[in-house]
Amino acid sequence: FASNRIFKIFPETEWRPTFYTCQDGVVFESIQDELKSVVSQSELAFISTNQYTKCENEIKELTNVLWMPLRYIPPRKNIYRFSENIEKEIIEGLTVTYSCMQLAVYMGFTEIYLLGVDHNYAIEFDSDGNIVNESKGIKNYFGSEENQNVATTPPKVIEMSRAFISANKFSKTHGFTIYNATRGGKLEVFRRVDFDKISQLSAKTQE
């Protein structure tokens, strides 16, 4: 699974995502020109139904696009719901990664590895809803400097953390595990694993 502006690294790698996702309205509108290409290079693309009316007809005509019924339900006691039926609804967790987790579990994946989830942004909302700029060498996005100044909604990291905690709690009783294979970053909700060791093990298995 990969999301949003993942196509920015396509010139540097032969890898392409099997599943592509996009739900943020600001991001969606800013990548319309590239969207058809990245969707066409994926096996399936999941785009929020909230963006359907804004979407160009040529995207709507692609047969590998599935429209995510994204729904925001306020958390109870700081715990977000985790959808068990994505055909009915996907619960908004203030980060597309939370949606990807729900998609993966519904598809039957029992091991989920997060890669590149730094959980640390140059600009974000604080607990009082104020925008805070912490741009001391922090990158909002991977890649070159030109990729940093792009349209996006400042992330609500506190709510994102609550969503991740919710997913981790849900996983304990529903037969799947989420690991953090990110190199560095500030996400400590999930058990950390070494991505390089996982990659080596996967390669040996495929042999």
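Here the residue numbering is sequential within each chain, running from 1 through the sequence in written order. At least 70 in pLDDT is required for a residue's local features to be given in this predicted model, at least 80 for side-chain atom pairs to be given and counted, and no such filter applies to totals for whole chains, interfaces and linings, which use all residues. Note that water and hydrogens are dropped before the side-chain values are worked out from all heavy atoms of the structure.

1. Concerning the sheet that holds strand S7 (residues 111-114)
- Note on pairing: two strands pair once DSSP finds at least 2 bridges between them. Strands are runs of DSSP state E lasting at least 2 residues, helices are runs of H or I lasting at least 4, and numbering of each runs from the N terminus. With parallel pairing, the 3 strands of this open sheet are ordered in space as S7-S10-S11. Looking at strand neighbours, the two that pair on one side only are S7 and strand S11 (191-192), the edges of this open sheet.
- Bridge count for S7 against strand S10 (residues 177-180) is 4 bridges, and the pairing is parallel. Bridging across to S10, leucine 114 finds its partner in asparagine 180.
- Running at roughly 155° to S7, helix H4 (residues 96-107) makes contact with S7 and S10 of the sheet. By the convention used here, residues are in contact when the closest approach between their heavy atoms is within 4.5 Å. Angles run from 0 to 180 degrees between N-to-C directions of axes, and those axes are lines fitted to C-alpha atoms, restricted for helices to the stretch in contact.

2. A few points about the sheet that holds strand S3 (residues 44-48)
- Pairing is parallel in the open sheet, where 4 strands are placed in the order S1-S2-S3-S4. The outermost strands of the open sheet, each flanked by one partner alone, are strand S1 (2-3) and strand S4 (65-68).
- Relative to S3, strand S2 (residues 19-22) runs parallel, the two sharing 4 bridges. Its bridge partner being in S3, threonine 21 is matched across the sheet by phenylalanine 46.
- On top of the sheet, helix H2 (residues 32-40) reaches S2, S3 and S4; it is set at about 155° to S2, its chief contact.
- On the sheet, H4 packs against S1, S2, S3 and S4 and is oriented at approximately 140° with respect to S2.

3. Structural notes on the pairing of S2
- What you see with S2 is no split at all: Phe19 and Thr21 on one side and Tyr20 and Cys22 on the other are buried throughout.
- Where S1 lies against S2, 2 bridges are found, and the strand directions are parallel. Looking at the pairing, alanine 2 lines up with tyrosine 20 of S2. Residue burial is assigned from relative accessible area. The probe radius is 1.4 Å, only protein chains are included, and a residue is buried under 20% of its type maximum, exposed over 50%, and partly exposed in between.

4. So, the pattern of salt bridges
- The term salt bridge refers to a pairing of a side-chain nitrogen on Lys or Arg with a carboxyl oxygen on Asp or Glu at a separation within 4 Å. Enumeration over the complete set of coordinates arrives at 7 salt bridges.
- Close ionic contact of lysine 36 with glutamate 58 constitutes a salt bridge, the shortest N to O distance being 3.9 Å. A residue pair is termed long-range when its members are at least 10 positions apart, and lysine 36 in helix H2 and glutamate 58 in helix H3 (residues 57-60) qualify at 22 residues.
- One salt bridge in this structure joins glutamate 159 and arginine 162, with 2.5 Å as the shortest N-O distance. Pair noted here: glutamate 159 and arginine 162 are both in helix H5 (residues 157-171), with a separation of 3 residues, about one helical turn.
- A relative accessible area of 27% means that arginine 162 is categorised as partly exposed.

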